[in-house]
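Here is what each chain is made of, one letter per residue.
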Amino acid sequence: MATAAAASASEAEAEPKAGPKAEGEEAEAKEARTRRKVLSRAVAAATYKTVGPEWDQQEEGVSESDGDEEYAMASSAESSPGEYEWEYDEEEKNQLEIERLEEQLSINVYDYNCHVDLIRLLRLEGELTKVRMARQKMSEIFPLTEELWLEWLHDEISMALDGLDREHVYDLFEKAVKDYICPNIWLEYGQYSVGGIGQKGGLEKVRSVFERALSSVGLHMTKGLAIWEAYREFESAVVEAARLEKVHSLFRRQLAIPLYDMEATFAEYEEWSEDPIPESVIQNYNKALQQLEKYKPYEETLLQAEAPRLAEYQAYIDFEMKIGDPARIQLIFERALVENCLVPDLWIRYSQYLDRQLKVKDLVLSVHSRAVRNCPWTVALWSRYLLAMERHGVDHRVISDSSKELEELRSAFARALEYLKQEVEERFSESGDPSCLIMQNWARIEARLCNNMQKARELWDSIMTKGNAKYANMWLEYYNLERAHGDTQHCRKALHRAVQCTSDYPEHVCEVLLTMERTEGTLEDWDIAVQKTETRLARVNEQRIKAAEKEAALAQQEEEKAEQRKRARAEKKALKKKKTARGLDKSRAGEDEEEEWGDDEEEQPSKRRRVENSVPPAGEAEPGPEADPGLSGSSAPAAAEPPSEQKEQRAAARRRDVPKVLHDSSKDGVTVFVSNLPYGLREPAATLRPLFEACGDVVEVRPIFSNRGDFRGYCYVEFKEEAVALRALELDRQTVEGRPMFVSPCVDKSKNPDFKVFRYSTALEKHKLFVSGLPFSCTKEELEEICKAHGTVKDIRLVTNRAGKPKGLAYVEYENESQASQAVLKMDGMTIKENVIKVAISNPPQRKAPEKPEARKAPGGAMVPRQIYGARGKGRTQLSLLPRALHRPSATAAQAENGPAPPPAATEVPKMSNADFAKLLLRK
C-alpha cells in the first residue's frame, strides 16, 4: 500500500512537468508549491494506511477514502485555472502570516496565542518539520492543553513507520500525561500501545500503560469507565490461560469503585462469568453504589455548570477533604486544574495538601514544578517550590561568588530603588517602601555575604535620612548588624546617635547603650554614656510634661463646654416643666367647670342605675313603700339632694379611698421604678410583692392611682438595701399578666437630664446580629435552634411592643465577630415559616431629637392647641351654650379652625404683587 501511494505521488509529481513552459519561472514556482503540498498529503495518507492492524478497519477505510479524495482534489486543482489562482493567493497570505508570527515570537517568546496560531498555519500548509519544531518550542515554555496534545499525537502517529518512530510517540505520550491528567490522552495512549504488542515486551508495555491509567484516572466518575472497558477488552482478546482470572480481577476492581453506569457493568459481569458472583464482590458493589449516591449531586452540578466551574470544584474539593481519601482528593484537584490552571490559589491549596498530608517526594515536586510552569508570575508558588526542594533534600548548585554576579545583584537593587522613586514616590507622592526593606536586605547581604561593612553603613545612613532616625527599632536593627559584622567603635557611635535622635522609645535605646558600656566599655565610656542618657531622658520628660499639660488643658476646656451644655439643657427642661405645671392647673380648673356643666346630664343615668340595681349608694336611704314616686311627683325632688352636691360627694368618696402617694427622693438608691404594668391589675401591691421579695426584703410597694381611683400602670418598690434594689433591676422585661414589666432605677430626671433608661447598646456591635422579618409565631427556642448551627449563641432577645406582642425583630449575640459574620452570610435571605428574613450586623441608627411643634400665635400672644379647645381638647360636638344673639366673632376660633387669624381691622392688608403670589405657590 505504501508503494502504491508513493507511485501515485510520483505520478502526481510528474504531471505538472508535462505542462507548457511558456509561463516562465513564476509558473514553475507555483507548480513547485503545489507539488510539495500534494506530496505531503499523499505521504500522510500512505503512512496512515501503513498502521494496519493497530487501528479499526472501518477507520482505515474512511482514511483511505479521505486520502484519495484529497489527492483527487489536489490533482483537479491543477487543471482548473481559477481554483489554482485562488489557492495560490491563500498560500501567499498564509506565508506572510507565518513570517509575521515568527517575527513576533522572536520578540516575545511568551506570547501564547502566537504559538497556537503559528502551529495552526504551519499544519495547514503541510510544513510537517516546522510544525514539529514549533510544537516542541511551545511545550518547553507552556503546558499544552488536551486538544493541542491530541492533535500533535495524531499527527505523529500518522507518520510513525518503524520502531524508532513508535518510541518517539511513546515519549510524547509520557510528556502529555505529565502536563494535566486527561482521561482521553490516557485512553489514546493505551490504544496506541496495543499496536506494539508484537514487539519485544509489548504485552508488558500495554498492561503497564493501562495500570498507570487506572491509578491516574480510574476513579474519574464520568470518564474512568472508558479506561476500565478498554483494559478489559484487551485482556479478553489476549490468548492466555490466565486471562480469565485477569478479567475477573478487573471486573471486581471496577465494581468496588463508584462510577457511572455501574449497574450495566454488574449486569455484564453476571452475563460473562460462568460461576456465581462471590458475596464479597456483591458487598463491595453495594457499598460503591451508596458512595455513588453521595457523589452524584456534585457531579451533576459540574455537568450543569459552565466552564471553568471554579466554585463548583471548590465545593467538591471541600467534600472530598472531609472524607479524606487521598486518591480521590488528588483526582478532584487535578480535574479542577484542567479548567483552572491559571488560578494560583488552587495550586497553592493543592501543593499545601501534598506537603502536609502525602509528603511523597516525586509527587510533591512534580506538582510544584507544574504550578510554577502554569503560574510563573506568582511569588508564593516559587517560594513554596524552593521550600519543598529543600525539605526533600534536592541537590542544588552552589553559586560561585564571582564579581560579575555580585555586580548584577547590586545593579538589581539599584534598579529597584530607582523604580520605587520614579514610579511611586514621584507619581503618587508616597513612599513605596516606607521601612526601606529593600535597602535593609541589601545592607545585610553586603555585610554578611560580601564582608563589605563600608557599603552597609552607607546604605544605613541613607535609610536614616529618609525619616527613619526617630524610630528606635531602626537604630537597634543597625546596631545588631554592627554587633554581628562590625566593630565596637561603630556600635558605640550608632547608639550615641540613636540616643539623640530617637523620639518614640528613647528609654529602650538608652538602656541598650548602658548595657553595652557596662560589658565592653571603659569607665570613661560609661560616664559619658550615663551623662548623655540622663540629659536626654530629662529633656524627653520635660517635653512629655508640657504635652500632658497642654492635653489636660484641652480636656478641661472640653469638660467645661460639656458642663455648660448640660446646664443649659437642664435649665430649658426646668422651664418647660414650669410651663407644663401652669398648663395642668388651668386644665384642672377647666375640668371642674365641665363637671359642673355636666351634672344635669349625669343625673338621669345615675337614677336609672339605682332603680335597676335597687342598691342605694352609701349615705342615701332607700325610699319606703309609702314614698311612691309615681303618686307624689313633687316628693322625689324634695327628698333628693341637688345634683352638684351628689357629684361632689362621689368625688370626695373616691378621693378618700385613694391614698396620696408621696415619693421621698432621698430613698432613690433603694427604690426601683416599675412601669408598663396592665391597667386592669386589681391588686398591684399584692401581685408585685412576691416577685420582688425573691430579690430581698421589700419595705413597700406603692402603686400610683388616678384621681378617679384607676391604676395608672406604674408603681415604686422600696427595699431595705441598695444591693437588693440593684438585683431587682434584673427583673426587667419579665411578663406580668401577659405584658412585659419595665424595671428601671428611680432617678429624678430634672437633676439628671442625661440619664437614659434604655439598657441596650445603640452603637455598632460586630458580634451581634439584627434579624428582621421574623414570623410573629417564632419563639426564642426556635430561633436559637437555627442560629446555633453557625456558632455559639450567647443571648437572643425578641423585640416586643409595650403590650408584649412580638414585632418580628430579634437580636442574636454570638461569641465572636467571625461567627457573627459567618451567620450573616448563611442566614440572610433564609425562609422561616414562609417569611424571608433579613440578617445584618447590629448597628442601630442614631435617633433624631423629636421636633418641637411650633406654637400657633394669636394676636394676644402665644397659644397652644390645648388652650384653644379647652383642657380636654377638641370635643365631639363643639356645641356652644351661649345664645346665638350673644355670639361674637372670635379671632382665636378663626385661627384654630381655619388657620392664621385675620389681622385687626385697624391694620391695612399690604398689597401683594404677582411675584409674591408666585412665592406663596412655590412654598406650598
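Thresholds applied
Residues numbered from 1 in each chain as written. Predicted model: local features only at pLDDT ≥ 70, side-chain atom pairs only at ≥ 80, totals over all residues. Heavy atoms only, no water. Helix = DSSP H or I, 4+ residues; strand = E, 2+ residues; numbered from the N terminus. Buried < 20%, exposed > 50% of the residue type's maximum accessible area, 1.4 Å probe, protein only. Contact = heavy atoms within 4.5 Å. Areas by Shrake-Rupley, 256 points an atom, 1.4 Å probe, with all protein chains shown as cover. Pairing = 2+ DSSP bridges. Phe/Tyr/Trp six-rings, centres within 6.5 Å; stacked < 30°, edge-to-face > 60°. Lys NZ or Arg CZ within 6 Å of the ring centre and 35° of its normal. Axes fitted to C-alpha atoms, helices over the stretch in contact; angles between N-to-C directions. Expected span 1.5 Å × (residues − 1). Bend = angle between axes of the 7 residues up to and from the residue. Patch = residues over 30% accessible without salt bridge, like charges linked within 9 Å, V, L, I, M, F, W, Y side chains within 5 Å. Salt bridge = Lys/Arg side-chain N within 4 Å of Asp/Glu carboxyl O. Lys, Arg positive; Asp, Glu negative; His and termini not counted. Charge placed at Lys NZ, Arg CZ, Asp CG, Glu CD. Parallel < 35°, antiparallel > 145°, perpendicular 65-115°, else oblique. Left-handed = near helix turned anticlockwise from the far one by under 90°. Nonpolar A, V, L, I, M, F, W, Y, C, P; charged D, E, K, R; others polar. pLDDT = per-residue confidence, 0-100. Polar contact = N/O pair within 3.5 Å; in protein donor to acceptor, adjacent residues only side chain to side chain. Core = buried A, V, L, I, M, F, W, Y, C linked by side-chain atoms within 4.5 Å. Arc of directions from axis to C-beta.

Within the protein chain, the regular secondary structure consists of 36 helices and 13 strands. Within the protein chain, the fraction of its 924 residues that count as buried is 32%. Within the protein chain, contacts between residues at least 6 apart in sequence are counted, and of these 59% link residues at least 24 apart. In the structure as shown, the protein chain presents an accessible area of about 59,400 Å², 52% of it carried by carbon and sulfur atoms.

Attention now goes to the environment of W228. With respect to the helices and strands, W228 occurs in helix α11 (residues 224-237). Residue W228 is classed as buried on the basis of its relative accessible area, which comes to 2%. C-alpha of W228 to C-alpha of G218: the two residues are ten residues apart in sequence and 7.1 Å apart in space. Residue contacts for W228: discarding those within four places in its chain leaves L214, G218, L250, R253, Q254, I257 and L259.

By the bridge criterion, six bridges tie strand β2 (residues 698-705) to strand β3 (residues 711-719) in an arrangement that is antiparallel. Bridge pairing in β3 links V701 to V717. Counted between consecutive antiparallel strands, the loop separating β2 from β3 contains five residues, among which G709 sits at a positive phi close to 90°.

Quick look at the packing of aromatic side chains now. Centre-to-centre distance and the angle between the planes together describe a pair of aromatic rings. Scanning the model with the defined rule gives 25 aromatic pairs in all. The ring of Y295 carries R328 above its face, with NZ or CZ at 4.3 Å from the centroid.

With antiparallel pairing, the five strands of this open sheet are ordered in space as β2-β3-β1-β5-β4. The open sheet has two edge strands, β2 and β4 (734-736), and neither has a second partner. Mean inter-strand twist for the sheet, computed between neighbouring axes without regard to direction, equals 30°.

Next up on the list: helix α14 (residues 279-304). The end-to-end C-alpha separation of α14 is 37 Å, in line with the 38 Å expected for 26 residues at 1.5 Å each. Along α14, the largest kink reaches about 40° and is centred on Y295; proline P297 follows within four residues of it. Restricting attention to buried positions, one finds in α14 the residues V281, Y285, A288, L292, Y295, E299 and L302.

Before going further, it helps to spend a moment on a positive patch on the surface. Taken together, K573, K576, K577 and K749 make up a surface patch of like positive charges. Structurally, K576 is set in helix α26 (residues 523-597).

A few words now on the pairing of strand β1 (residues 671-675). Along a regular strand, successive side chains alternate from one face of the sheet to the other. A large share of β1 lies buried, amounting to four of its five residues. Two elements, β1 and β3, share four bridges in a ladder whose sense is antiparallel. Looking at the pairing, F673 lines up with Y716 of β3. Across four bridges, β1 lies against strand β5 (residues 739-745) in antiparallel orientation. When the bridges of β5 are listed, S675 appears paired with F742.

The next thing to look at is the packing of helix α8 (residues 163-179) against helix α9 (residues 183-194). Running from N to C, α8 and α9 point in directions that differ by 160°, and their axes come no closer than 10 Å. With respect to α9, the axis of α8 lies roughly antiparallel. The two elements α8 and α9 cross, and the hand of that crossing is left-handed. Residue-level inspection shows R166, V169, Y170, F173, E174, A176 and V177 of α8 in contact with α9, the latter providing I185, W186, E188, Y189, Y192 and S193. For the contact of α8 with α9, the per-class residue count stands at nine nonpolar, one polar and three charged.

On to the confidence of the model for the protein chain. Residue-level pLDDT values for the protein chain average 77, and 71% of them are 70 or greater. Note on residues 34-81: pLDDT is under 50 here. Beyond four places in sequence and across chains, it has 51 contacts. For residues 890-907, every residue scores under 50 in pLDDT, and the model assigns this stretch 17 contacts once sequence neighbours within four places are set aside.

On to the sheet that holds strand β11 (residues 838-842). Judged by pairing direction, the sheet is antiparallel, and its four strands sit side by side in the order β7-β8-β6-β11 without closing on themselves. Each edge of the open sheet is held by one strand with a lone partner, namely β7 (793-800) and β11. Neighbour-to-neighbour, the strand axes of this sheet turn through a mean angle of 25°, independent of strand direction. Pairing between β7 and strand β8 (residues 806-814): seven bridges, direction antiparallel.

One pass over the full model with this rule turns up 35 salt bridges. The salt bridge involving D179 is made with R373; its shortest N-O contact spans 3.9 Å. Linking D179 in helix α8 with R373 in helix α18 (residues 361-374), this pair joins segments that are 194 residues apart in sequence. A relative accessible area of 26% places R373 in the partly exposed class. Here R309 ties to E339 by a salt bridge, and the two come within 2.2 Å at their closest N and O atoms. With R309 in the loop between α14 and α15 (310-323) and E339 in helix α16 (residues 326-339), the pair connects residues that are 30 residues apart, well separated along the chain. The network of salt bridges with shared partners includes R123, R135, E151 and D155.

This part takes up the side chain of E125. When you line up the elements, E125 lands in helix α5 (residues 112-125). Side chain to side chain, E125 and N94 meet in a polar contact 2.6 Å long. Beyond its immediate stretch of four places on either side in the chain, E125 contacts E91, N94, Q95 and I98.

Ranked by size, the top nonpolar core spans 90 residues in total, and within it F173 and I185 carry the most contacts. The leading source of residues in this core is helix α10 (residues 202-217), at seven residues. Once you skip the residues sitting within four places of it in the chain, I185 turns out to touch E146, W149, L150, L153, F173, A176 and V177. Judged by nonpolar contacts, the second largest core, of 32 residues, contains A469, V499, V509 and V512.

We now examine unusual backbone geometry. Of the consecutive residues A307 and P308, the connecting peptide bond is found in the cis state with omega at 10°. Locating P308 in the fold gives a position in the loop between α14 and α15. With a phi angle near 55°, C436 is a residue other than glycine that sits in the positive phi range. Counting through the fold element by element, C436 comes out in the loop between α20 (403-428) and α21 (437-448). For R733, which is not glycine, the phi dihedral falls at a positive 75°. Looking at the secondary structure, you find R733 in the loop between α31 (722-728) and β4. R733 sits in the partly exposed class, given a relative accessible area of 35%.

The grouping of E229, E233, D261 and E263 at the surface amounts to a negative patch. Classification of E229 as partly exposed rests on a relative accessible area of 31%.

Before going further, it helps to spend a moment on helix α13 (residues 262-272). Each α-helix turn comprises 3.6 residues. Residues three or four places apart therefore point the same way. What α13 keeps buried is the set M262, T265, F266 and Y269. An end-on view of α13 places all buried positions within 100° of arc, on one side of the element.

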